[in-house]
Structure formats: C-alpha cells, structure tokens
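Here is what each chain is made of, one letter per residue.
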Amino acid sequence: MRRPAVFQNPSKNLSPFEVARIQEILDRYRGTKGALLPLLSEVQAACGQWLPANVLAWIADEMDVHLSYLYGIATFYTMLALEPRGRFIVRVCESPACHILGKDTVLEALRAELGVAEGQTTPDGLFTLELSSCLGVCEVAPAMQINEVVYGNLTREKIQEVIERYRRGDVVDYRTLPGSGGRVRTGWEIHRRALLLHGVGDINPESLDDYLAIGGYEALRKVVLGMTPEQVVEEVKESGLRGRGGAGFPTGMKWSFTLPLKAPEKYIICNADEGEPGTFKDRYIMEGNPHRLLEGLIIAGYAIGACKGFVYVRGEYALSMHRLRLAVEQARERGFLGERILGTSFSFDVEIRSGAGAYVCGEETALIESIEGLRGNPRVKPPFPGVRGLWAMPTVVNNVETLANVPAIIKNGAAWYRSFGTEDSPGVKLYQICGHVNAPQIVEAPLGLTLRELIEVYGGGMKDGIPFKMCQTGGASFGFFTAEQLDTVMDYASMQKKGGALGSGTMLVMNEKTCVVDVVRNIMHFFQHESCGFCTPCRRGTRVLYETLCRIAQGEGRESDLPKMIDLAQTMSATANCALAMSPIFFIRTTIERLKDEYLAHIVEKKCPLGVCRA
C-alpha cells in the first residue's frame, strides 16, 4: 500500500463495519466512468464525515488511481474533509443575502453556543462549525445547515433551541420535510396559470401518479410518438426560449448545433449546481415537482439524439437529490425512462450526480470535468461542449428552469409560449426577491416586470419601512441598480442596457443602512474564495480586488484605488478563462459609478459613514 504519511492528514482505525461498507462502495463503483467524486462522498460518509489517509491510500490501490490525484480532488471540493469532524456539520451561510441580514450575529451566537470557532469540533465530537459560501436558501436568510437540514430566519433564541434539540438526539430526517426553504405563494393575478411552478406545493412531489394527474409526461408522449427530433428543436427555437441559468443563450439554437453531429454517443446535462448567491429558484422545481424537470430532460435528450442524461445537483441540496433519484426510479418503472421508451425505438437513461462544494462547477465545462471525476477546472473553449463535451462526445448543458419550460412549450406550442413576456424575452420567468423586503420569495411571472413592481407588489415593500438604496441584479455576478433604475423592465435587453442583468432572475434588495463597500467586499470575498486557480487573471486578480476593498473598508484606501479596481476588473474580464473572473467588472464598475461618494467617504474620512465596516 502507498504511504499516506507524506500528505500529513491523520489515519483512522476502521471498525469491521466501516471496512465492509467501504469495500462495498469500492466494488460498486469499480469500472464506472467518472466515479471518483460520488465514490469519495460515499466513503467520507462511511468514515464519519471525513477521509482518513489510510482510506485514501486504499482507494488509490483498489481503483488504480495515483494517490496525489485523489488528494487533488479531495482538496478541491469544500464539502470533502481530510480532518476528523463531528457527527453534525453546522454550515453558516456567508452569502450577501445572509451577510446583510445578520450572518455575523448568527456566527457569534454559534461560537458562543458551541464553544468553538470555525473549522473546529466540539470536545464531545458532536458538532463541527464551518462556513458556506451560499446555501441556496436566500429567501429565509440568515440561514445555517446542519448536515442535510436547513434552518432559516435565524435568531439567537432559535439557534439555541435547534442546537439543544440535536444535543438531545432529536434529529430531523430531511426526507420528511416539505422543502428546504420558503413556500410558494399561489394566486398571483399576474399569472394565474402557473407553468414552471405548476403543481409545486399542491401535489406530492414523490408521487408519479400525482404528476400524471396534472398532465405529466403528455409532452413526452407527444414527442416520441409523433414528432421528429428536428421538429422538437424547431418548436423550441420558435418559442424564443432562452437559457435561464444566467447567460440567456437561445435554447433551440444550442440544440440545433448538436443534433446533426454524428457520434457514437451524445449526452444532455442538466446544470442544477445552483451556486450563484441569491439564487434559489431551481430548488423549488426539484423539491416540489421533480418529474417536470425529468420530462424536460428526456425531451431534450430525444431532440439532440442523446443516449444518456445527467442531473448535476449542488451538494447542499440533499432533498432535491433524494426526490430526483426517486423520480428517476419511478419513471423507469413506468416506461418513461430506459430501453424503448413508451414502446418506441428511443432509449434514454438519467443519472443523478452530486457536487461537493465548488461554485465554479456551475460553469458548463467545469461541471463536465467534475462528472468525469476531475477537479472542476473550466476548459479552454473552443471546442464547445456541443461539439466536444463529456468524454469528448457532443454534449448539451441546460439549466433546470430552462428544461422545466420545455414540456409546456411542446404541449401548447411555440405561439402560445410567445404570448407571454416581451418581444426580446418571450415566456415566463422565475424571479427571486431577497434581502431587505418584507416578503422574500420566488415569483413566477411573464418576462417584463419592472424592479419596482417586484419590490413593492411581490416583495411586500421595504422591510421596516427603511428606504431603498440599491439592488444587485441577476445574482452576485452582475451590476447594481439604484433608485434611478427602479422602473427598468426586467428582460434581457432592458437590464443589460442599464448596466444590470436579468441573469438568474434574482434581485438582492438593500436599504439605506447598507454600506456598499461592505457588501461589495463580501461579494469579492466569495469570488476570490471560489476561484479554481486555473488562470492567473482570476487567481491573482480576485485576490487583489478583495485586498483593495478590505483596505478601503478599513480606512486605508486611496482615491487612485477606484480607477485601478475598474481597470483590473476590466483586464480580468478580457483575459480570464471563464465567466467567474469576468463577473467583478459589473459590480465593481456600477457601484463605483453610482455610489462613488460612499467609497470616497471611506477613503477621505477614513471610516465607514454608516459604521458598518469592520477592520
């Protein structure tokens, strides 16, 4: 056996049960392509939430993988651990939404309650305290997650109560929960007939019969029994559906690039790695109506000639994965998946894959690398995945919300779908509103709402009556709006013209007591932490921007820092390998241009005018 000591992490004396369990996992994954990440995740669970050195050496020998390669993967994904951890992993969300709503108070309360700092385990071995870049439950911020269970709208009292329950052994089974975050509000006048959220909150998400009762799999039946792949692609093209993950690329056009290619195999991947801070829409679909996503994925597979589909779900979404896996099993049993679907010549299967804590794996080529069992480093493009993707085969990657639109488009037609929304952006969208509003939530509506409508009507107005100051649009990657842009129509073209973005459809609203320097520093901390380190512009550039913002927040900034940050962010955008490093220019430039006085107050007066920034 290879010597593990050179890597410095501890070994563990394994019990007979642990040995048998690990051997079963190794035997099950042996010979499976791209199995290292799920294998490591399962072995970690078998070892008590960490990966001992002797176990990694055992895996290396059994799977014929170099030990250093295993360590490379284990140290890339934040949910994998090389040190012993407690029975319960307490992850505190650091996202911008949680940050402005009291993350620091939550962390202080947990430190006091557990008697440990971040990265430490309580003496009784029960709890390990960790930080998470984002848990994907921004509508109930501030939040924490204990193993698979999310707790939101946290107060000191609620934290004490939850921790005490776990100490007593009163542990919640996440599989019995209705959902991980908030609940869908129905009955909006703006869009009485739900499309994307049809059935969410009304049907049993673990019942295929419930899905069939609301018209489930009728679109799939129509496709495989009466349409050619070319006709499916053309219908989606005509609908004007654009990618809902953030980039907004036309879906039908993406499919049309891959359909005519001749290859031994083709793949369709659903990107469910919903890691963009502020974004939580896809979780509602996966937890509330997983068969809808599955139906859209199967239709997409038929349209491009794929033999297999993958759903890559972020590691924190345990309930989503549970319900998706159950849906896959049910669909196979009823003939909607597998060989000769509905008695036709079309065969297609789906595998659910879990991420393990890496925001960059939301980038399509990094996601593909992760499925292949590699570190999630984005690839250099071209070639694009549609030509050369998973295992060098043509591969289409679509977002959850994108695929969830497909069954309704096929069932009702492109013209029907185009009757919603605007000319530039037809169809419906899942908007998310979070931050300093009275009713943070998800809203399904035709594209074309204004930001003011979203805040005042669907967000319930500003929390505690404190006036609006700014909003980060589209997710953590995009620009800021101030009061002057409140009446902007939220479609792709209008948002871009005003320096914002529709992005994932999330809007982080902030009041006048929020310091722009503090928020941008928090966002920049996220990006420098999540950089994969593959390219220098991102690896070094994100760090320099973060350090500069820290200096400004501490009263040590210079006026020349402001144009330098814009110049550096612009250079990163022009030279980096993927969109992660192309993002800071949007929020750096728009906040400096629109809220420059607040930056200058930190620099000239050498203190935060709102008393928010800490040294």
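Here the structure is a predicted model, which means the values were calculated and not measured.

About the thresholds
- Residues numbered from 1 in each chain as written.
- Predicted model: local features only at pLDDT ≥ 70, side-chain atom pairs only at ≥ 80, totals over all residues.
- Heavy atoms only, no water.
- Core = buried A, V, L, I, M, F, W, Y, C linked by side-chain atoms within 4.5 Å.
- Buried < 20%, exposed > 50% of the residue type's maximum accessible area, 1.4 Å probe, protein only.
- Helix = DSSP H or I, 4+ residues; strand = E, 2+ residues; numbered from the N terminus.
- Contact = heavy atoms within 4.5 Å.
- Pairing = 2+ DSSP bridges.
- Axes fitted to C-alpha atoms, helices over the stretch in contact; angles between N-to-C directions.
- Phe/Tyr/Trp six-rings, centres within 6.5 Å; stacked < 30°, edge-to-face > 60°.
- Lys NZ or Arg CZ within 6 Å of the ring centre and 35° of its normal.
- Right-handed = clockwise from strand over helix to strand, strands pointing away.

(A) Representation of the nonpolar core in the model. Ile59, Tyr77, Trp255 and Val311 are the most contacted members of the largest nonpolar core, which has 163 residues in total. Among the elements that line this core, the one with the most residues is helix H13 (residues 290-304), at 9 residues. In this view, tryptophan 255 contacts Val232, Val233, Val236, Ala300, Ala303, Ile304, Val396, Asn398, Leu403 and Val406; residues no more than four positions away in its chain are not counted. Residues Leu114, Val116, Ile146 and Tyr166 belong to the second largest nonpolar core, which totals 24 residues.

(B) The sheet that holds strand S10 (residues 441-446), seen in detail. If you walk across this open sheet you meet the 5 strands as S10-S9-S13-S11-S12, and the pairing is mixed. Looking along the sheet, the strands with just one partner apiece sit at the ends: S10 and strand S12 (480-481). With 5 bridges joining them, strand S11 (residues 468-473) and strand S13 (residues 506-511) adopt antiparallel strand pairing. The partner of glutamine 472 across the bridge, within S13, is leucine 508. The sheet contacts of helix H12 (residues 281-288) involve strand S9 (428-435) and S10, and relative to S9 the element is tilted by about 115°.

(C) Just the side chain of arginine 521, in detail. Relative to the assigned elements, arginine 521 resides in helix H20 (residues 516-530). The exposure class of arginine 521 is buried, given its relative accessible area of 12%. Among residues more than four places away in sequence, those in contact with arginine 521 are Tyr546, Leu549, Cys550, Ala553, Cys613 and Arg614.

(D) Spatial organisation of the packing of aromatic side chains. What the rule picks out here adds up to 19 aromatic pairs. A ring pair is formed by phenylalanine 249 and phenylalanine 257, whose centres lie 6.4 Å apart and whose planes are at 50°; its orientation type is tilted. Ring centres of phenylalanine 478 and phenylalanine 586 lie 6.1 Å apart, and the angle between their planes is 45°; this geometry places the pair in the tilted category. Here phenylalanine 478 is found in the loop between S11 and S12, whereas its partner phenylalanine 586 is found in helix H24 (residues 584-594), with 108 residues between them in sequence. An aromatic cluster is built from Phe88, Phe127, Tyr151 and Tyr166, whose rings are joined through pairwise contacts. When the ring centre of tryptophan 391 is taken as origin, the NZ or CZ atom of lysine 33, which lies over that ring, is 4.3 Å away. Seen from the ring of tyrosine 492, arginine 242 lies directly overhead, with NZ or CZ sitting 4.1 Å from the centre.

(E) Region of interest: the pairing of strand S6 (residues 308-313). For S6, the tally of buried residues reaches 5 of 6 residues, placing the bulk of the element in the interior. Note: strand S5 (residues 267-272) against S6, 6 bridges, orientation parallel. Its bridge partner lying in S6, alanine 272 is registered against valine 313. Alignment of S6 against strand S7 (residues 349-354), held across 6 bridges, turns out to be parallel. The partner of glycine 309 across the bridge, within S7, is valine 350. Crossover connection from S6 via helix H14 (residues 318-333) to parallel S7: handedness right-handed.

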